[in-house]
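Reading the structure
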Amino acid sequence: EAQVTQNPRYLITVTGKKLTVTCSQNMNHEYMSWYRQDPGLGLRQIYYSMNVEVTDKGDVPEGYKVSRKEKRNFPLILESPSPNQTSLYFCASINRGSSYNEQFFGPGTRLTVL
Amino acid sequence: DAKTTQPNSMESNEEEPVHLPCNHSTISGTDYIHWYRQLPSQGPEYVIHGLTSNVNNRMASLAIAEDRKSSTLILHRATLRDAAVYYCILWGGGADGLTFGKGTHLIIQP
């Protein structure tokens, strides 16, 4: 089954404690992306990756890092989380080589930073 | 980025058709019109997309105005499981991600 998986699904942590949210897709997609969703602000793109070892900033990259060492995985790293990063996070992937252009989203990770 | 305008919410009855409108008067020639929906506690889910011609798939139909300045997502027979927030998004397929607005909150009454 084609899918994007994220772990953990829920996380409560404290300010300054480094964390990583993993994202994996099994569709061999080149393009992957991270979004955060906040009430009243909709979904906003954090970082995206066009291919292995190619990453770039989205609209709200401050406080986040990403890496793309292999095609299937695109982890989101918070080196020093702060309360304003409390949010719902979604990973997505897309087959840009196809005219279909459907983005597949993961189930989301709800992060609370105390 | 070209913007879209959708009603904040709409209500319909189960097993009736639903027409969700979207205005995008500043759409560019290369923008595709995409629709996604987000069910409660889930990630967004692709519904349909089109460029100029009307499109049909197993989930819905997309009717695009001749001048492309508006479009309508049609759910032919709404069920309770169709209750979600529906997003109309313009995307040219570039490196930037999808820009999600506030969408339309669709309420289905039994």
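I will try to describe carefully the structure that is included in this document. (Residues numbered from 1 in each chain as written. Chains lettered and ligands numbered in written order. Predicted model: local features only at pLDDT ≥ 70, side-chain atom pairs only at ≥ 80, totals over all residues. Heavy atoms only, no water.)

**Concerning the overall build of chain A**
Counting its regular elements, chain A contains 0 helices and 11 strands. Sequence-ordered secondary structure for chain A, helices as α and strands as β, is β-β-β-β-β-β-β-β-β-β-β. Viewed in the frame of its principal axes, chain A has a C-alpha envelope of about 40 × 30 × 25 Å. Per-residue burial over chain A gives 48% buried out of 114 residues. In chain A, the proportion of contacts linking residues at least 24 apart, taken out of those at least 6 apart, comes to 53%. Surface accessibility of chain A: about 5,600 Å² in total, with carbon and sulfur atoms responsible for 49%. Between the averaged position of the 13 positive side-chain charges in chain A and that of its 10 negative side-chain charges there is a distance of 5 Å. (Helix = DSSP H or I, 4+ residues; strand = E, 2+ residues; numbered from the N terminus. Buried < 20%, exposed > 50% of the residue type's maximum accessible area, 1.4 Å probe, protein only. Contact = heavy atoms within 4.5 Å. Areas by Shrake-Rupley, 256 points an atom, 1.4 Å probe, with all protein chains shown as cover. Lys, Arg positive; Asp, Glu negative; His and termini not counted. Charge placed at Lys NZ, Arg CZ, Asp CG, Glu CD.)

**Examining the nonpolar core**
Core analysis: the largest hydrophobic core is formed by 21 residues, its most contacted members being W35(B), L73(B) and Y86(B). Put simply, the parts of the chain that give this core at least two residues each are β2 (18–23), β3 (32–38), β4 (45–50), β6 (61–64), β7 (70–75), β8 (84–91) and β9 (104–109) of chain B. Among the elements that line this core, the one with the most residues is β8(B), at 4 residues. Counting 19 residues, the second largest nonpolar core, distinct from the first, contains L19(A), V21(A), Y64(A) and L76(A). (Core = buried A, V, L, I, M, F, W, Y, C linked by side-chain atoms within 4.5 Å.)

**What to know about the layout of surface pockets**
Each pocket or cavity is described by its volume, and for the largest pocket that value is around 540 Å³. If you go around the largest pocket, you meet 30 residues; those closest to its centre are Q37(A), L88(A), R110(A), Q38(B) and S41(B). Here the second largest pocket defines a volume of roughly 460 Å³. Lining the second largest pocket are 21 residues, and of these E102(A), F104(A), F105(A), P44(B) and E45(B) lie nearest its centre. Contributing elements (two or more residues each) for the lining of the second largest pocket: β1 (4–7) and β10 (103–105) of chain A together with β4 of chain B. Grouping the constituent residues of the lining of the second largest pocket by class yields 10 nonpolar, 7 polar and 4 charged. (1 Å grid on protein atoms, 1.4 Å probe; cavity = no way out; pocket = protein on both sides within 12 Å on 5 of 7 lines; lining within 4 Å. Points joined across faces, edges and corners; volume = space filled by probe spheres on them. Nonpolar A, V, L, I, M, F, W, Y, C, P; charged D, E, K, R; others polar.)

**Things to note about the interface of chain B and chain A**
Counting from both sides, the interface comprises 19 residues of chain B and, opposite them, 20 residues of chain A. With both sides pooled, the region where chain B packs onto chain A buries about 1,500 Å², and carbon together with sulfur makes up 53% of that total. Counting the contacts that link chain B with chain A gives 0 salt bridges. On inspection of chain B and its partner chain A, the count reaches 2 residue pairs in polar contact (both at pLDDT 80 or more). For the side of chain B that touches chain A, the secondary structure elements donating two or more residues are β3, β4 and β8 of chain B. Among the elements that make up the side of chain B that touches chain A, the one with the highest residue count is β3(B) (3 residues). Residue classes in the side of chain B that touches chain A are distributed as 8 nonpolar, 9 polar and 2 charged. (Buried area = accessible area lost by both parts, 1.4 Å probe. Salt bridge = Lys/Arg side-chain N within 4 Å of Asp/Glu carboxyl O. Polar contact = N/O pair within 3.5 Å; in protein donor to acceptor, adjacent residues only side chain to side chain.)

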